[in-house]
Structure formats: structure tokens, C-alpha cells
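As a plain string of letters, each chain reads:
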Amino acid sequence: MLRNNFHPAMENIKLSPIVSISEEVRSKENLFKNATGKDFIKFQRGEIDFATPAYIVDAAKNAMDEGKTKYPKSGGEQVFKEAILRKLERFNKAEGLTTDNIIVTYGGQEALELVFKLFHGEKTGGFAPVWSCIIENMVPYAETNFIQAPLGKDFSVDFDKVEEVIKEVSLFYLNTPQNPTGKLFTKEEVVKIAELCAKYDTFLLSDEAYERITYDGKSHFSPVSLMLENTISAFTLSKTYSMTGWRLGYLVTRNKHITELAKLTDYTQTAGVTTFLQYAGAEALNNVEEEKKAVTAMLKEYSLRREALYNGLKEIDGLEITKPDGALYMFPDFSAFIPESIKGRQREVYVYNQLMENGVAVVYGSCFGEYFTGNLRFSFSGVNVDQINRGVARIRETLQR
Ligand code: PMP
């Protein structure tokens, strides 16, 4: 009989719960519209509703016209890696790096996956809540055991708990600004985490996908600027340049053995990232003037959305919310709205289901690890201020019924 069971590393990968939630929305939105005349408000999406800036699209077209359509150089095209190097110096204040410290990847996702694979079968860890993709995809694929160090209720760091985890694992995953909380780890926190990792010879994987999305004049601090060999940073063009579908990212580390290995594993999987996309990526990073215009416009809009969502939610009695300093998410606590009589798995989806019935889609907290199961994630990457205001009014209505 033909087998229908393959290696656990593959069989244990789960469909992202966020994808399943979006499928649930698709199956319900027409019924909801017919019954109420209203549209669903989709806070569950991580997708961005900005178009890629024209200067980057043009650069891709030009690169194709110029015949940049052959196999890429292993580890990345020199022109893109040089642009990345300049960006790391300019924005992340990283000194003493060369293009040999950089590997070009298919998005931040591939960068993270290449690193997790280096620790196949070993113990890894990170903060909870944690981006769902890490625990649903990376961890099963690399067959590692992921130990969660919970943040405090207001997302503060308890360094004793962190040290306990760092001591035990080979790789510690840090995501700043963080999905799903929007927490921007301070420079002091990042330095302390990196130093704790160095103390125990633990590698630090720093996921900096949202590095440019910060608010109120605060800025991201990257551990890539520290002169530490145990630190690996994963970056992406997806969010900064609204390029989610291009799949362009890179990983950077001062540890050249890791870049050598990542170059080989990347080559084994994909034979490198599409050549003409890398030329467009170089232009995205090099054209500082156009970049400034695009990023400023994007941040202006995201700031308005963040204010609208935060101001709306914080007025709901019983709901506890911490204002995010970065990224595109909020992660308020709805525990007060879950009756004691509701038990187990039903507790995790109780408020989520109520909101879903009223045309508001969010992601329930248990998608982000074993703690914070009374929280819900709101993304404001794909909803405008008007939709946010309507969504908040609907949430208030639902909870106060
Ligand atoms: N890290 C985090 C925390 C993310 O939320 C995402 C995308 N949702 C990524 C990495 C990866 O993004 P990409 O693969 O598009 O670069």
C-alpha cells in the first residue's frame, strides 16, 4: 500500500492559524453582508495595503530589460549585498562588516528558516508571545524544542526568566519590534539579552522585519551593531518597502562559518534569489531620497491607524491594552470578558468567536504560544482609519451586549 505518512519534520508543520482564520472570514463574509448589509472588518491580516513604490518596480523592469535574468551568484548578487552593507552602516550603525557577512534570502522567512535549520534537533527558545510562524512552521521543520520565556502582562522583560531559558538553549529568538505585541525592545534590553546569550555561548537570532516601523520618534536598535560573533540578524524588504510578494530578505552575522553554511543550504534549496529582484532590491536601499518619501508616507498612515485603534480600544471598560511602539499590531487582553464557566479550548476562542459573528476578524492569543491566551491580536496593516473606527464600535457593541 502506498504510504501516506512522511518524515515528522514535514508532517508536524501546521497550516498557519492566521491562514485558517482568513479562510473562515472568506466563508462567512458574504453571509454576513447579506444578513446585515455590512462588510467584515479584517484585523487578522498581516498583509500590507500599500503598493510597492514605483522607483523599485521600475528598477525591476529595467533589470529584466538589461538581461539580469541568469542564475544569481551564490549567497547573493554583489550589487545587492553592497547596498545592504551601506544600509547596515547607515541605518543600523553596524561597523566592520563586509559583504561576506551577508546572505541574500527569499524574505525574512527563509533567513529565519536557514538559521533554525542549523540547530536541528536542539533546544531553542524565545519570548512569549511569539510570532505564530516560529512555533507552527520553523520549530517542527527544524525538529527543535522551543522553550518560551513569558513577557510580563505589560510586555516587560523579566531577565531572570530570560536567563533561565538562554542558559538551556542553543538558539534564542528575539523579534523587535515584535509581532504580535508591537513591543519595541529598548537598546538596554537588546544589549542585555545579547550579553546573556554571549555569557552562555547561546546564539541570538534577531528578527528585525519591522525595524523601520516605529512610532513617536522612537527607533529600533539592532544587535548587528554589537561586535558579537553569536548574533545573527534576519531582515526583510517586505514591510519597509511594501514588498511582501517579492520575497526579498537577508541575514547578517559576524560569524563567517554561519554565512558559509547558510550560503550552501540556501543554494541547496533555491539556488539563490531571483537575479533581477536583487537589482531592484539594491535600488530600494540605495535610493535614499525615494526611500525617505515612501517610508515617511507609510509611517504617517500607520501612525494614524495606530492612534485610532489604540484610542478606540482603550475606552472599552475591562479591556487591558499596552500601546505599541512599533510594528503593525496590538495585543490587548480580553480575559475580563470570558466567563469563568467557560473552560479549556473554548476559553481561547470565546471572544474571538463572538467578534467573528459580528463581522470583526482578529487572531486569538493561543496562536502565539502557551501564555497570553486571553489576548487577541489586531493588525492595522490592511485596514484604514474609517474601518478601524467601525470595527471598534462593533467590538464595543458585541462586548457590552
Ligand atoms: N518576522 C516576522 C515577525 C513577521 O511578522 C514576518 C512576516 N509576517 C516575517 C518575519 C517574514 O516576512 P517575509 O518573509 O515577508 O520577509
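Residue numbers here run from 1 along each chain, matching the order of that chain's written sequence. Given that this is a predicted model, residues contribute local features only at a pLDDT of at least 70 and side-chain atom pairs are listed and counted only at 80 or more, while totals for whole chains, interfaces and linings are drawn from all residues. Values reported for side chains reflect all heavy atoms of the structure, with hydrogen atoms and water molecules removed beforehand.

1. Considering the nonpolar core
- Ranked by size, the top nonpolar core spans 74 residues in total, and within it Phe43, Phe172, Ile193, Phe378 and Ile395 carry the most contacts.
- Strands are runs of DSSP state E lasting at least 2 residues, helices are runs of H or I lasting at least 4, and numbering of each runs from the N terminus. Top contributing element to this core by residue count: helix α11 (residues 288-314), with eight residues.
- Working rule for contacts: check all heavy atoms of both residues, and any pair within 4.5 Å makes them a contact. With near-sequence residues (within four places) excluded, Ile193 lies in contact with Phe127, Phe159, Ile166, Phe172, Leu174, Phe185 and Leu204.
- For this analysis, a nonpolar core means a set of buried residues of the types Ala, Val, Leu, Ile, Met, Phe, Trp, Tyr and Cys, connected via side-chain atoms within 4.5 Å. Residue burial is assigned from relative accessible area. The probe radius is 1.4 Å, only protein chains are included, and a residue is buried under 20% of its type maximum, exposed over 50%, and partly exposed in between. Residues Leu88, Tyr250, Val252 and Leu285 belong to the second largest nonpolar core, which totals 28 residues.

2. Regarding the packing of helix α2 (residues 17-36) against helix α12 (residues 345-357)
- At a minimum axis distance of 10 Å, the contact between α2 and α12 shows a crossing angle of 35 degrees. For the pair α2 and α12, the contacting residues are Ile21, Glu24, Val25, Lys28 and Phe32 in the first and Tyr352, Met356 and Glu357 in the second. As a rule, the C-alpha atoms of each element are fitted with a line to give its axis, helices using only the stretch in contact, and angles between N-to-C directions run from 0 to 180 degrees.

3. What to know about the site of the ligand
- Within the structure, the ligand sits among 13 residues, and Gly108, Asp207, Thr236, Ser238 and Arg247 are positioned closest to it.
- Here a polar contact means two N or O atoms within 3.5 Å. Within protein one must be a hydrogen donor candidate and the other an acceptor candidate, and residues neighboring in sequence count only if both atoms are side-chain atoms. Residue Asp207 places a side-chain N or O atom 2.6 Å away from a nitrogen atom belonging to the ligand.
- Measuring from an oxygen atom of the ligand, one finds a side-chain N or O atom of Arg247 at 2.7 Å.
- Each accessible area value is a Shrake-Rupley result obtained with a 1.4 Å probe; residue values ignore everything except the protein chains displayed when judging cover. Here the ligand, which alone exposes 400 Å², has 92% of that area covered by the protein.
- For the shell around the ligand, the leading source of residues is helix α5 (residues 107-118), giving three residues.
- Residue classes follow a fixed rule: Ala, Val, Leu, Ile, Met, Phe, Trp, Tyr, Cys and Pro count as nonpolar, while Asp, Glu, Lys and Arg count as charged, and any other residue, Gly among them, counts as polar. Across the shell around the ligand, the residue classes break down as three nonpolar, seven polar and three charged. Throughout, the term near means that a residue has one or more heavy atoms lying within 4 Å of the molecule or strand in question.

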